[in-house]
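Breakdown of the fold
This is what each chain is made of:
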Amino acid sequence: MRIILCGFGVVGQSLVKLFDSRSDDLYSKYGLKPRVVGVFDSKGSAVNSSGLNLSKLVDTKKKFGTVKNYSKNQNSMSGIEMLKNIEADVLIETTASNYKDAEPGMTHIITAMKKGMHVISVNKGPLALAFPSLMELATYNQVMLKFSGTVGGGTPILDYAKNSLKGERITSFSGILNGTTNYILSNMSTGLSFESALKDAQEKGYVEADESLDLDGLDAAAKLVILANWIMGMKVTLPDIDCTGIRKVTTEDIKKAEKSNCSVKLIASCNKKLVVSPKEVSNDDPLCVNGTLNAIAFTSEHSGTQTIIGRGAGGTETASSILRDLLDIRQEIGKD
Ligand SMILES: NC(=O)c1ccc[n+]([C@@H]2O[C@H](COP(=O)([O-])OP(=O)(O)OC[C@H]3O[C@@H](n4cnc5c(N)ncnc54)[C@H](OP(=O)(O)O)[C@@H]3O)[C@@H](O)[C@H]2O)c1
C-alpha cells in the first residue's frame, strides 16, 4: 500500500519506526506491505515511488532536522505538489492541529480526497472545524476518511462506541479527554498551585506549544466534536461547543470537592448539550482517573454505562491507532 506521510514529528516518526519493526508480521498476518513513497515536514520533502528507506528517513530527520536531506538531490517538492503529482493510495496526516483555519492539514486532506486517496488523520483541526463537510467529501469521492487516533490516542474509544456497541443507542457520554489538564488537576489535588502544576507539566513536555489548546479546553472540545459527529450522528463543529477550560480552577475549588469525596476534572459531555467544563466527579466513579490518563463513560439504552480508560496520547500509542485505520482500509480495499 503506497503511503504519503504529511508531518514527520513525534507521531510520524513513531509510525515509520512501527512499520520498520513490524514489517514481517504485518505482511504475514495481515497481508499489509506499507510503502512510504513520500514524506514532508515544514522544511521539505523526500520522495521515492519504489518506497523510502524508513530507518534512513528517521536518521536524516535526526541529523538535519528535516527529511529534505534524505537524498543528495534534495527534494524541493512542496506537500501540495507531492499530493498532486505522486501516486499513492493513502494520505496519513500528522501535521500540528490548528483550530483557527485547520491549515495546513485541511488542504492536505481535501487535495488527497479529491484525487481519490483514502485519508487517515490524527490531526484534529480539520475534523473539529469541518467534520460534516469532510465526511460528505469523502463519500462524494468514494474514499475512506479515518481518524481513530484523534480521540484517546491508542485507546480505541471511537471504535468501541461505533463497533462494539453496534445496534445500541448511546444516550449520553462524558469523559476526560485531555491528559494534560488531568495531570495538572491531579497535581493540584496534592496541594500544588495551578501555576506550579502547569510548570511541572510543561517541564515534562505534556503541554502543547500553544498552551491555550490544553488549558482553555480547545483540545477536549475538538475531541467532543469528533465524538458527537461520529457516535451520535450530530452535525456540529467547534463553535457549537460550550467550552470552559481550567484556568480559573483554584486549590479552594479542589479542597471543597474533596469534602464531598469528589475531584475536580475537566469533563467533556454530550447529554442534549455539548459542554467542556471543570466538574466535580465522585472519587468512586470509574471516570475519576488521575495523571495523564483519559477515560470516557458511554451510557446506552440497554447495556447501561461502560467506562473505557487508557493513555490518551503518546507517539507509539497514536501510531498504533493509525495502523488500525490502515488495516481497516486494507480490508475494505481487499473486498473490491
Ligand atoms: N503526540 C501525540 O501524542 C498525539 C496524539 C494524538 C493526536 N496527535 C495529533 O497528531 C498531530 C501530530 O502530533 P505530533 O506530536 O507528531 O506533532 P509534532 O511533533 O509537532 O509534529 C508535527 C509535524 O508537522 C510538521 N508540519 C508543521 N507545519 C507543517 C507544514 N506547513 N507543512 C508540512 N509539515 C508541517 C512539522 O514539521 P517540522 O518537523 O519541520 O517542524 C512536524 O514534522 C497533531 O495534530 C496532534 O494534535 C498527537
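Residues numbered from 1 in each chain as written. Predicted model: local features only at pLDDT ≥ 70, side-chain atom pairs only at ≥ 80, totals over all residues.

A look at the environment of alanine 228
- For alanine 228, the position within the fold is in helix H10 (residues 218-232).
- What makes alanine 228 buried here is the crowd of 21 C-beta atoms within 10 Å.
- In this structure, the C-alpha to C-alpha distance between alanine 228 and glycine 44, residues 184 residues apart in sequence, is 36 Å.
- Setting aside residues up to four positions removed in sequence, alanine 228 forms contacts with Met234, Val236, Cys270 and Leu274. (Helix = DSSP H or I, 4+ residues; strand = E, 2+ residues; numbered from the N terminus. Buried ≥ 20, exposed ≤ 12 C-beta atoms within 10 Å, placed from the backbone. Contact = placed C-beta atoms within 7 Å.)

Quick look at helix H5 (residues 125-140)
- Compared with the 22 Å implied by 1.5 Å per residue over 16 residues, the 21 Å span of H5 between its first and last C-alpha is a close match.
- Every buried residue of H5 is listed here: Gly125, Pro126, Leu127, Ala128, Leu129, Phe131 and Leu134.
- One or two positions beyond H5, positive phi appears at glutamine 142, with a value near 55 degrees. (Expected span 1.5 Å × (residues − 1).)

Some words on the domain arrangement of the protein
- According to the domain assignment, the protein contains domain 1 (2-154 + 315-335) and domain 2 (157-311).
- Across the contact, 17 residues belong to domain 1 and 17 residues belong to domain 2.
- Of all the elements, H5 adds the most residues to the side of domain 1 that touches domain 2, at six residues. (Domains from an automatic or database assignment.)

As for the site of the ligand
- Near the ligand you find 26 residues, and of these Gly7, Gly9, Asp41, Ser42 and Ala313 are the closest.
- Taken together, the elements giving at least two residues each to the shell around the ligand come down to helix H1 (10-30) and helix H12 (315-335).
- Within the shell around the ligand, the residues separate by chemical class into eight nonpolar, 15 polar and three charged. (Near = placed C-beta within 6 Å. Nonpolar A, V, L, I, M, F, W, Y, C, P; charged D, E, K, R; others polar.)

Focus on the environment of threonine 251
- Tracing the backbone shows threonine 251 in helix H11 (residues 251-259).
- Given 14 C-beta atoms within 10 Å, threonine 251 falls into the partly exposed group.
- Sequence separation between threonine 251 and aspartate 25 is 226 residues, and the spatial gap between their C-alpha atoms is 50 Å.
- Contact partners of threonine 251, with chain neighbours within four places excluded, come to Met188 and Ser193.

With respect to helix H8 (residues 194-203)
- Turning to H8, its buried residues number three or more, namely Ala197, Leu198 and Ala201. Viewed along the axis of H8, the buried residues span an arc of 100 degrees, placing them on a single side of the element. Away from its buried face by more than 90 degrees, H8 exposes Glu195 and Glu203.
- Packing partners of the buried residues in H8 comprise helix H7 (179-188).
- Phi turns positive one or two residues past the end of H8, at glycine 205, with a value near 80 degrees. (Arc of directions from axis to C-beta.)

Side note on the sheet that holds strand S7 (residues 170-176)
- Ordered by their spatial adjacency, six strands build an open sheet running S8-S10-S9-S7-S11-S12, and the pairing between neighbours is mixed. Two strands in the sheet have a free side with no partner beyond their single neighbour: strand S8 (242-243) and strand S12 (304-311).
- Running at roughly 40 degrees to strand S9 (residues 262-271), H10 makes contact with S7, S8, S9 and strand S10 (273-282) of the sheet.
- Across the sheet, H11 lies against S9 and S10, angled at about 90 degrees from S9, the strand it touches most. (Pairing = 2+ DSSP bridges. Axes fitted to C-alpha atoms, helices over the stretch in contact; angles between N-to-C directions.)

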